[in-house]
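# Architecture and fold: a report
Listed here are the chains, written in short residue letters.
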Amino acid sequence: MKQAIKIGLIGGVVEILLALIGMIEAFSQRYIIIDIISMGHTLIFLVALLMTSLSAKRTPHGNPLRAMINALTSGLIIGGFLAVLVVMGSLVNLRKVFINASPLLYQWLTFNQGIKAGIPLLLTGGALCGFLAGLLFLSSKLFRRVLIISLGSVVGAGVLQDLLRPTFALWGPLSVMNEWLFSANGLTLYGAIGLFVLIAALSYVWAKKGNVIRANLNGLSPSNQRVLRITTFLTLIMILLVLPQILGLFLSEVLTIVGLYVLLGLGLNIVVGFAGLLDLGYVAFFAIGAYSIAVLTSPELGFFNLSFWGALPFAIFIGVLSGFLLGIPVLKMRGDYLAIATLGFGEIIRILVLSDVLRPWLGGAQGIGKIPKAHIAGIEMATPQQIYYLILAGCLLVGFISWRLRDSRLGRAWMAVREDEDVAQAMGINLISTKLLAFATGAAFSALSGAIFASKLGSVYPHSFNVMISINIICLVIVGGMGSIPGVLVGAFALVGLPELLREFAEYRLLVYGAALVAMMLLRPEGLWPEPLQRRELHEGESSDAKPNH
Amino acid sequence: MSLLEIENVHTYYGQIHTLKGVSLTVDQGEIVTLIGANGAGKSTLLKTTSGLLRPREGSIRLEGKDLTHDPPHEIAAKGLVQVPEGRRVFGRLTVTENLEMGAFAISDQKLIKENLDRVFQLFPRLKERHKQVAGTLSGGEQQMLATGRALMANPRILLMDEPSMGLAPILVDGIFEIIRKLHTDGTTILLVEQNARMALQVAGRGYVLQSGVVVLSDSAQNLRQNEMVRNAYLGET
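Everything numeric here is computed off the predicted structure, so don't read it as measured data.

Rules behind the numbers
- Residues numbered from 1 in each chain as written.
- Chains lettered and ligands numbered in written order.
- Predicted model: local features only at pLDDT ≥ 70, side-chain atom pairs only at ≥ 80, totals over all residues.
- Heavy atoms only, no water.
- Helix = DSSP H or I, 4+ residues; strand = E, 2+ residues; numbered from the N terminus.
- Contact = heavy atoms within 4.5 Å.
- Areas by Shrake-Rupley, 256 points an atom, 1.4 Å probe, with all protein chains shown as cover.
- Lys, Arg positive; Asp, Glu negative; His and termini not counted.
- Charge placed at Lys NZ, Arg CZ, Asp CG, Glu CD.
- Expected span 1.5 Å × (residues − 1).
- Buried < 20%, exposed > 50% of the residue type's maximum accessible area, 1.4 Å probe, protein only.
- Buried area = accessible area lost by both parts, 1.4 Å probe.
- Salt bridge = Lys/Arg side-chain N within 4 Å of Asp/Glu carboxyl O.
- Polar contact = N/O pair within 3.5 Å; in protein donor to acceptor, adjacent residues only side chain to side chain.
- Domains from an automatic or database assignment.
- pLDDT = per-residue confidence, 0-100.
- Core = buried A, V, L, I, M, F, W, Y, C linked by side-chain atoms within 4.5 Å.
- Pairing = 2+ DSSP bridges.
- Axes fitted to C-alpha atoms, helices over the stretch in contact; angles between N-to-C directions.
- Phe/Tyr/Trp six-rings, centres within 6.5 Å; stacked < 30°, edge-to-face > 60°.
- Lys NZ or Arg CZ within 6 Å of the ring centre and 35° of its normal.
- Patch = residues over 30% accessible without salt bridge, like charges linked within 9 Å, V, L, I, M, F, W, Y side chains within 5 Å.

## Some remarks on the overall build of chain A
Counting its regular elements, chain A contains 23 helices and four strands. When contacts within chain A are restricted to residue pairs at least 6 apart in sequence, long-range pairs at least 24 apart make up 73% of them. When the accessible area of chain A is evaluated, it comes to approximately 26500 Å², of which 72% is carbon and sulfur surface. Seen as two clouds, the 37 positive and the 26 negative side-chain charges of chain A have centres 7 Å apart.

The following block contains the structure:
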């Protein structure tokens, strides 16, 4: 009970925080189901549901009745907190301190029902969440899974409507669905119900028959399996190739941004994930790549006037060189000390390109403009849809190199250095060259990303290369799963792609990052798509072939 | 010529003079033990030998070749391999992966396979658990793994740093059993131990280190009889 009250209090405080920083109001502009449930409501509901399920889960001895009561209590407290906020807001002008405590917020919170009706409504809502969480907790695993997946799909479809609608519109059979599923803002009610039922049915069938299908696939003859793998691979490539045509301008732009971060993430993944060297100044190499291209190509400075492809090898080479140069002084540093030193390096580069002394060469605060676009077979890569291919090629190349490196001798040396530097040395691993190669490889990938970035934008400015970029990349590597190549992809989509798609997020990006990192560390410290190694460590005893013997 | 010759080695930690002219030799096929109290400089000597610390004076030779100024990874590749204090296995890797890591300096795949078979033969326990994550092994098994990992590198000489540290008495017996076994296989070992009683039982010769100076060196048999050793290290009066 004490636990339930505690969780309820935390949940309530979180809800009030979300309301007062304006997140709920901002999110309420977008509907999940038109005129019925907005994204703001979903957010409130989601937090309440999460907290109450936690409350149910933490019940000692797994007593079903107690679990239900605990969930209900937590839910009531959360509802109560919001009710208190509404009452307080109507009595005192909270706006003097909290500018986001607008009348509109109270309207949203009370579902436009006014304060008198709103308070019992909020309390009931809270209790309902608790009841639902309790029910979920007590129901069978299958039911829970189906319900969570289908509810998640409805919310996901609502949130990503801008992405889904144009995609569906392209293909006859699916474009019919558009009419039925989407309205101008949010899903239609019937569409939402239909989608829910459809996904529920599908996930139910998969849960029941999935194993059989998987077993059948595994039971295929090796040659058939290879055919299957190749077809999947080719389909994937085909999809990747036609993607920008399907998605249109805006979404292709989002994809290019995600792609640039994937390149950066893959590079940092080598430094942090493979070799275990925490680099907080990683943006420096991004800047070096971008500025190298700018200086070498821009007619504004007029030094070299190379083409993009002529300058690219130099940009990458300069990146590698600076990777070595950073590596040498920090060779003996570990952990926090390394992080601080690299953080400094990142700032040094930013301040250098900003400096007035270097203005004739690096453009100072005004940056460098008129950077030419890349040409492939005579076609200028100018629009996001075209640049997408450039970035896709880069990502595939860098992904392939990462993957080969991971399984190479050098990859094993990195792994040993990450696990234990001294022992690695005693095994005959050259610490100096191993670490320097990690920095240099990471820097090369980052410089490539910077080079494409410069050519994409056509200009570079010092303020594009601040420490936040480094933080973003670190976050996406951690959220994706350190050392995991697909993890970088997942992390980049989750932390870079989603905020770009949801304009409501923009203002709260950092808050969401922070919350996501904390949540990850608590719930899934190995990352969204972890490397087997990490999973092994953190979920020891859950796998069958590894049992402690004492 | 001895296999390993350490001659008049002086090592400093900053201003602190830790090893004050230590000389020591180990011959092919023998077990030599180095005993001494905490802070006598035992680990410093091992670190100096394996290149993690640099001596200010003196020289270290393996088979007559000077390696005083070689970097640690080259020293390891030349066959002077450590079993580190506190075992320090790669906790997140499996037993097999740990062992393979030990053979990092070897590029001949066939030789690696042979070494792996040999280690598994020596430690059947590790074979049973070859897929297990090393961090979940018991202390004794981890010591086996650390030793096996060192053996994977085809060492000319094995430097064992406190192999019995932190193990239950029954496991300590097991560890010394392993050392004896390695000895009969012909492995040369320099054994650093606090457990002087056990160390002097398996070793042929021994050195006593005190405050960075070798104060005694003799056959293990004689050391066991020595008045000072008995008082200070064997706890007999």
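## A short note on helix H13 (residues 308-330) of chain A
Residues and elements named next belong to chain A. For H13, with 23 residues, the first-to-last C-alpha span of 32 Å sits near the 33 Å given by 1.5 Å per residue. Those residues of H13 not exposed but buried are Phe308, Ala311, Leu312, Ala315, Gly319, Ser322, Gly323, Leu326, Gly327 and Val330. Buried residues along H13 sit in contact with helix H12 (283-297), helix H14 (335-354), strand E3 (374-376), helix H16 (384-406) and helix H19 (431-457).

## Observations regarding the interface of chain A and chain B
A common way to report how large an interface is uses the accessible area buried once the components associate. Contact with chain A, which involves 26 residues of that partner, is made by 27 residues of chain B. Regarding the contact of chain A and chain B, the summed buried area is about 2700 Å², with carbon and sulfur atoms giving 58% of it. Where Arg88 of chain B meets Asp422 of chain A, a salt bridge forms, and the shortest distance between an N and an O atom there is 3.0 Å. Between the two partners, chain A and chain B, sit five residue pairs in polar contact (both at pLDDT 80 or more). No other element matches the seven residues that helix H17 (residues 409-419) of chain A contributes to the side of chain A that touches chain B.

## A word on the domain arrangement of chain A
Taken as a whole, chain A is organised into domain 1 (1-138) and domain 2 (246-467). Distance from the C-alpha centre of domain 1 of chain A to the C-alpha centre of domain 2 of chain A: 44 Å.

## Here we look at the confidence of the model for chain A
Do not read the fine detail of predicted coordinates wherever pLDDT is low. With 96% of its residues at a pLDDT of 70 or more, chain A has an overall mean of 86. Scored below 50 in pLDDT, residues 541-550 of chain A makes 16 contacts in the model with residues more than four places away or belonging to other chains.

## A word on the nonpolar core
Core analysis: the largest hydrophobic core is formed by 86 residues, its most contacted members being Ile452, Val460 and Phe465 of chain A. When residues of this core are assigned to their parent elements, the largest contribution, 18 residues, is made by helix H11 (residues 222-274) of chain A. Apart from residues lying up to four places away in sequence, Ile452 of chain A is in contact with Leu260, Leu263, Phe308, Ile387, Leu390 and Ile391 of chain A. By size, the runner-up hydrophobic cluster in this structure holds 49 residues, among which are Leu151, Val202, Ala203 and Ala220 of chain B.

## Remarks on the confidence of the model for chain B
Averaged over all residues, the pLDDT of chain B equals 91, while 100% of them reach at least 70. Complex prediction metrics read pTM 0.86 and ipTM 0.88.

## Some details on the sheet that holds strand E3 (residues 31-36) of chain B
Residues and elements named next belong to chain B. Sheet architecture is open: six strands sit in the order E6-E7-E8-E3-E9-E10, paired in mixed fashion. Across the chains shown, the open sheet's two edge strands, defined by having one partner strand only, are strand E6 (80-83) and strand E10 (213-219). Strand-to-strand, the axes of this sheet are offset by a mean angle of 20°, without reference to chain direction. Where strand E7 (residues 157-161) and strand E8 (residues 188-193) come together, five bridges link them in parallel fashion. Opposite Asp161, over in E8, you have Val192 as the bridge partner. Those strands touched by helix H1 (residues 42-49) are E3, E6, E7, E8 and strand E9 (205-210), and its axis lies near 145° from that of E7. Of the strands in this sheet, E3, E7 and E8 are in contact with helix H7 (residues 169-184), which crosses E8 at around 155°.

## Remarks on unusual backbone geometry
Residue and element names in this part refer to chain B. Non-glycine residue Glu63 carries a positive phi angle of around 50°. Topologically, Glu63 is positioned in the loop between strand E4 (55-62) and strand E5 (65-66). Positive phi is not limited to glycine here, since Ser211 has a value of about 45°. When you line up the elements, Ser211 lands in the loop between E9 and E10.

## Points about the packing of aromatic side chains
The final tally for this structure, using the stated rule, is 11 aromatic pairs over all chains. Aromatic pair Phe286 of chain A and Phe465 of chain A: ring centres 5.6 Å apart, planes at 65°, arrangement edge-to-face. Here Phe286 of chain A, found in helix H12, pairs with Phe465 of chain A, found in the loop between H19 and helix H20 (467-480); they are 179 residues apart in sequence, far enough to count as distant. Under the relative-accessibility criterion, Phe465 of chain A is labelled buried at 2%. Three or more aromatic residues link up through ring pairs in this structure, and these residues are Phe286, Tyr291, Phe453 and Phe465 of chain A. Its guanidinium or amino end placed over the ring of Phe90 of chain B, Arg149 of chain B lies 5.1 Å from that ring's centre, counting from NZ or CZ.

## Here we look at a nonpolar patch on the surface
Residue and element names in this part refer to chain A. On the surface, Ile36, Ile37, Trp180, Leu189, Tyr190, Ile193 and Val197 cluster together into a nonpolar patch covering about 680 Å² of accessible area. In terms of residue count, the dominant contributor to the nonpolar patch is helix H10 (residues 189-218) (four residues). Mapped onto the elements of the fold, Ile37 is located in strand E2 (residues 37-38).

## A short note on the pairing of E7 of chain B
Residues and elements named next belong to chain B. The buried fraction of E7 is high, at five of five residues. Side chains of E7 alternate between two faces, with Ile157, Leu159 and Asp161 and Leu158 and Met160 buried alike. As paired strands, E6 and E7 are joined by four bridges and run parallel to one another. Residue pairing in the sheet places Val83 in a bridge with Met160 of E7.

## A look at the side chain of Thr44 of chain B
All names here are of chain B. Its place among the elements puts Thr44 in helix H1. The buried category is assigned to Thr44, whose relative accessible area is 6%. Once you skip the residues sitting within four places of it in the chain, Thr44 turns out to touch Thr11, Tyr13, Thr18, Leu19 and Leu53.

## Some details on the sheet that holds E5 of chain B
Through backbone hydrogen bonds, the strands of a sheet pair up, either in parallel or in antiparallel fashion. Residues and elements named next belong to chain B. Pairing is antiparallel across the open sheet formed by four strands, whose spatial order is E2-E1-E4-E5. Lying at the two open borders of the sheet, with one neighbouring strand each, are strand E2 (16-26) and E5. Taken together, the two bridges between E4 and E5 define a ladder with antiparallel strand orientation. Residue Arg61 lies in a different strand from E5, and its bridge partner there is Asp66.

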